[in-house]
Amino acid sequence: MSENPVGSAPPPAERTVGERTVVTLRGELDVRTAPGLAARLDALTAGPRPDLVLDLRPVAFIDCAGLGILCRARNRVLTRHGRLRLVADSAGFRRVLRHTGLADAFEVLPRLPPGDERPETSGPDGQSRPDGQSRGSQLASS
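Here the structure is a predicted model, which means the values were calculated and not measured.

Rules of the game
- Every chain begins its residue count from 1, and numbering advances along the sequence as written.
- In view of the model being predicted, local features appear only for residues whose pLDDT reaches at least 70, and side-chain atom pairs are presented and counted only at 80 or more, with totals across whole chains, interfaces and linings using the full set of residues.
- Values shown for side chains rest on all heavy atoms present in the structure; no hydrogens or waters enter the calculation.
- Each helix is a run of DSSP H or I of at least 4 residues and each strand a run of E of at least 2, with the numbering of both proceeding from the N terminus.
- We call a residue buried when its accessible area falls under 20% of the maximum for its residue type, exposed when it is over 50%, and partly exposed in between, using a 1.4 Å probe and counting protein chains only.
- We call two residues contacting when some pair of their heavy atoms lies within 4.5 Å.
- All accessible areas in this document rest on Shrake-Rupley with a 1.4 Å probe, and a residue is counted as covered only by the protein chains that are shown.
- Between Lys or Arg on one side and Asp or Glu on the other, a salt bridge is scored when a side-chain nitrogen of the former is within 4 Å of a carboxyl oxygen of the latter.
- Criterion used throughout: strands pair if DSSP finds at least two bridges between them.
- Interaxial angle, 0 to 180 degrees, is taken between N-to-C directions of lines fitted to C-alpha atoms, where a helix line uses only the stretch in contact.
- Buriedness of a pocket was judged along seven lines, with at least five required to meet protein on both sides within 12 Å; pockets are open sets of points on a 1 Å grid over the protein atoms alone, cavities are sets where a 1.4 Å probe fits but cannot get out, and lining residues have an atom within 4 Å of a point.
- Grid points are joined across faces, edges and corners, and a volume is the space filled by probe spheres set on the points.
- Charged residues are taken to be Asp, Glu, Lys and Arg, nonpolar residues to be Ala, Val, Leu, Ile, Met, Phe, Trp, Tyr, Cys and Pro, and polar residues to be all remaining types, Gly included.

For the rest of this paragraph, the subject is the overall build of the chain. A count of helices and strands for the chain gives 3 helices and 7 strands. Along the chain direction, N to C, the helices and strands of the chain fall in the order β-β-β-α-β-β-α-β-α-β. For the chain, the proportion of its 142 residues judged to be buried stands at 45%. In the chain, the share of contacts with a sequence separation of at least 24, taken over all contacts with a separation of at least 6, comes to 66%. Of the roughly 7,500 Å² of accessible surface on the chain, 51% is carried by carbon and sulfur atoms.

Following this line, the structure appears as structure tokens:
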């Protein structure tokens, strides 16, 4: 599907850097986009010792459903003895974490870890696109 419904998020872009998977989320993480994102993050956290970096800097909005998906991913990663990092430079997002009691639940970084800054070149299907943009799974159902 080439278009996203109003109020949806673009598909996440992801890449592997060593043993780590970096996923860049964009748009809105809300009740409408949560099911698709949950399915993708479940797949990424299914194996032993997942090392996941979620870049939330391009996210414009997150509601309780989006926070729930982040908590679910955190719980799955911890159960499998892995690591989850959130990248967020927004004071508003950090404030949301504080007000919901989640500030200490996540490792939040202001920027990507060293070596992770290169542009995304492949999506979860592993296919590269000539324009350097990733193809990701659709977040919102049609």
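On to the pattern of salt bridges. A complete count under the given rule lists 6 salt bridges for this structure. Notably, a salt bridge pairs Asp42 with Arg72, separated by 2.8 Å at the nearest N-O pair. Taken together, the residues Asp42 in helix H1 (residues 34–44) and Arg72 in helix H2 (residues 64–79) connect sequence positions 30 residues apart. One salt bridge in this structure joins Asp55 and Arg57, with 2.7 Å as the shortest N-O distance. A residue is classified by how much of its surface remains accessible, and Arg57, at 34% relative accessible area, is partly exposed. Several salt bridges converge on common partners, so that one network encompasses Asp42, Arg72 and Arg76.

Attention now moves to the sheet that holds strand E4 (residues 51–55). The strand order E1-E2-E4-E6-E7 describes an open sheet built from 5 strands, whose pairing is mixed. The open sheet has two edge strands with one neighbour each: strand E1 (13–17) and strand E7 (107–109). Taking the axes of each pair of neighbouring strands and ignoring which way they run, one obtains an average angle of 25° across the sheet. Inspection of the sheet shows E4 paired to strand E6 (residues 83–87) by 5 bridges, in the parallel sense. Paired with Asp55 across the strands is Val87, a residue of E6. Packing against the sheet, H2 makes contact with E4 and E6, and its axis sits at approximately 150° to E6.

Glancing now at the pairing of E1. Among the 5 residues in E1, 4 count as buried, and that is most of the element. Bridge count for E1 against strand E2 (residues 20–24) is 5 bridges, and the pairing is antiparallel. The residue of E2 that forms the bridge with Ala13 is Thr24. Count of turn residues in the E1/E2 antiparallel hairpin: 2 residues, of which Gly18 carries a positive phi of about 65°.

With that out of the way, let us pick up the layout of surface pockets. Volume-wise, the second largest pocket comes out at about 170 Å³. Taken together, Leu56, Arg57, Val59, Ala60, Phe61, Ile62, Ala88, Asp89, Ser90, Gly92, Phe93 and Val96 make up the full set of residues lining the second largest pocket. Taken together, the elements giving at least two residues each to the lining of the second largest pocket come down to strand E5 (59–62) and helix H3 (91–99). It is E5 that contributes the most residues to the lining of the second largest pocket, 4 residues altogether. Broken down by class, the residue content of the lining of the second largest pocket amounts to 8 nonpolar, 2 polar and 2 charged.

Treat this as a map of the structure, not an account of what it does.
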